[in-house]
Amino acid sequence: MSEEEVPVENGDATPAPEPEVPAGPQYTLMTDSYPEISKIADGTWKCEGAPNWRRVPGFPIYATAQPNKADVDKCVEQAVKKYDEQKNVLWVNLRQEPVLYINGLPHSVRNSDDLAGHIVLNEAFEINNIENKMASELKKVATGEFTYCKDLQGERAHEKVPEYTSVSGRADAVSTVSEVFSAATKKEPKLEFKKIPLDLNAAPMEDTFDMIIRLLKGHGSAVPVIFNCQAGMARSSTASVIAGIIKETQLEAEFSKMKGIVPDEIIDSLRGKKLHPPAPVRDAKDNALMLGEFPVVMKLIADLPEAAEAKQQVDRLIDAVGPPNGVENIRETIVMDKMQYDVASDDYLPILKERIKDQIEKYFMLIVFSLYCKEVGQAGFNKTFKKWLDSQNHREKIAEGKGKLEWERKVPNEKIVDLKELLDCDAFNDNLPAVINKINQLSYKMFSDLPRGDQKCKSMRKLAGRTLIEVLPPKLSTYLEERLGDLSKVPDFYDMVGTLSYYGKMPIIED
């Protein structure tokens, strides 16, 4: 028997193993910039290379998208000029995903098998390791050629994942984020740079709150701080609120030190104007959720009346950080996602539900953080937020309460009974116009508390569709399902109405 021959037992040959397919690259580069990244109208200063650059009114707090390499110095210069009497300017990069500068433009590092998702790393050294590795590999390519994808959706995940295509380019210059900002600190000695990773949707980790405290408490309340994420949106807005709470706590301590030096009436006037402005008057038409009155938050206020003041502070800062001066109101975004939930497909519902719960937890924890600062901040933050939480029950409250939300709006049962009676008869066609009109009116009423817009219209239409399916007698449900498919996916309301209008009117074609 030759060496190539293999004995066959019982006439069954063992199939040769399939050849292994070589694995593709683990990471792919994605441009930071994407269509319509800029959300802010022209302000006092605008930089094309730093989209969404802005200052929070009344605070030495700035936020921006990841700037181009050439524009980092321009951004720092704005803060230095505005607060020229201060000895430092702080810059905090909030990104959990690694970033490389290719030819001066920022590109995020994505997992090749999940281009639409951001890499989630919570330690700066982990981010640095990937950045350094990727930069080293790119610099070794003799031709300088590299491939990348153009971002199409930005920081917020969409129900429909975009189709990405690879683009080739030439990497003439490659830098890590640390290298870019190290060069910037040499040009501007006042600049201090730090990476503090922050989650896109979920509440910051307790250690993250403490890292921001450690950074800011070593400086006066007037020292400017710049936050950046990919687009300068959710993460930068969240960090700006946290910084605002800390700086107001520092300012309160500074006012206390003025006692005996500055007349009390002057201190009280300054404190009231800066730290305790009157709460906005509530309109009877205001949506409770838009105001942040989520069940778990209202339970916190019921248990701790002082949480009402903490909520007021957080809401004031969120409103200052958000439009029109900023790009995202992180409280109202929860409600907009909830409206999207009302019309989302069944497959996307679990993903969206988790995102909504994460954002409720973030809002709740900002209020809890305000409570902590009011209690511990005056003593110089002599206890960490994490340790303070150990003596509270807030972790348990949010874990239990963040999902307590009206996930599906429903028409009242007595109205459902009336609609069923109109359709469950031989002459249902005569009643169909009245049913359509009643369902439309009920859907409008169920969403009357929400602001006008495309999302509200979609939510009303989805509720109208669900209601129509619920009130249909079996014969009509079967008829619709035969023509429009699975009714659990809730076909368009008017498609269903149009199809029902043909029931019993189309001739039966005999074979």
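Structure shown above.
Each residue is numbered by its place in its chain's sequence as written, counting from 1. Two thresholds apply to this predicted model, a pLDDT of at least 70 for residue-level local features and 80 or more for giving and counting side-chain atom pairs, whereas whole-chain, interface and lining totals are computed over all residues. Hydrogens are left out, water is left out, and the side-chain values use all remaining heavy atoms of the structure.

A few words now on the overall build of the protein. Numbering of helices and strands runs from the N terminus; a helix is a DSSP stretch of H or I covering at least four residues, while a strand is a stretch of E covering at least two. Secondary structure assignment for the protein yields 17 helices and eleven strands. With respect to the three principal axes, the spread of C-alpha positions in the protein is 95 × 90 × 45 Å. When burial is assessed residue by residue, the protein has 48% of its 511 residues classed as buried. Only four residue types enter the charge count: Lys and Arg as positive, Asp and Glu as negative, with His and the chain ends excluded. Every charge is mapped to an atom, namely NZ of Lys, CZ of Arg, CG of Asp or CD of Glu. Of note, the protein has its 67 positive side-chain charges centred 8 Å away from the centre of its 81 negative side-chain charges. Under the scheme applied here, a residue whose accessible area is under 20% of the maximum for its type counts as buried, over 50% as exposed, and between as partly exposed, the area being computed with a 1.4 Å probe on protein chains only.

For this analysis, a nonpolar core means a set of buried residues of the types Ala, Val, Leu, Ile, Met, Phe, Trp, Tyr and Cys, connected via side-chain atoms within 4.5 Å. Within the largest apolar cluster, 62 residues are counted, with the highest numbers of intra-cluster contacts made by Phe369, Tyr372 and Phe385. The biggest single contributor to this core is helix H10 (residues 349–376), with 15 residues. Every residue in contact with phenylalanine 385, bar those within four places of it in the chain, is listed here: Glu206, Phe209, Asp210, Met365, Val368, Phe369 and Tyr372. Ranked by size, the runner-up nonpolar core spans 24 residues in total, among them Val411, Leu442, Tyr479 and Leu487. Any two residues having at least one pair of non-hydrogen atoms within 4.5 Å are treated as being in contact.

A helix is expected to span 1.5 Å for every residue after the first. For H10, built from 28 residues, the straight-helix expectation of 40 Å at 1.5 Å per residue is met to within 8% by its first-to-last C-alpha distance of 40 Å. Where burial is concerned, most of H10 is hidden: 20 out of the 28 residues are buried.

What follows concerns the sheet that holds strand E4 (residues 89–93). Only when DSSP finds a minimum of two bridges between them are two strands counted as paired. In space, the five strands of this open sheet follow the order E2-E3-E11-E4-E10, with mixed pairing throughout. Among the strands making up the open sheet, the edge pair consists of strand E2 (54–55) and strand E10 (191–195). Here E4 pairs with E10 via five bridges, running parallel. In the sheet register, valine 92 faces E10, and the bridge partner there is lysine 194. In this analysis an axis means a line fitted to C-alpha atoms, helices contributing only their contacting stretch, and an angle means the value between N-to-C directions, from 0 to 180 degrees. Along the sheet face, helix H4 (residues 206–217) touches E4, E10 and strand E11 (225–229) and points at about 170° away from the line of E10.

A separate point is the environment of arginine 331. Take arginine 331: it is sitting in the loop between helix H8 (307–321) and helix H9 (332–343). When its relative accessible area of 4% is taken as the criterion, arginine 331 is described as buried. Spatially, the C-alpha atoms of arginine 331 and leucine 289 are 8.6 Å apart, while their sequence positions differ by 42 residues. Not counting residues within four places of it along the chain, the set of residues in contact with arginine 331 comprises Met290, Leu291, Gly292, Phe294, Asp315, Ile318, Asp319 and Tyr363. One polar contact links arginine 331 to aspartate 315, side chain to side chain, over a distance of 3.2 Å. Polar contact is defined as a pair of N or O atoms within 3.5 Å, subject to the rule that within protein one atom must be able to donate a hydrogen and the other to accept it, and that residues adjacent in sequence are counted only when both atoms are side-chain atoms.

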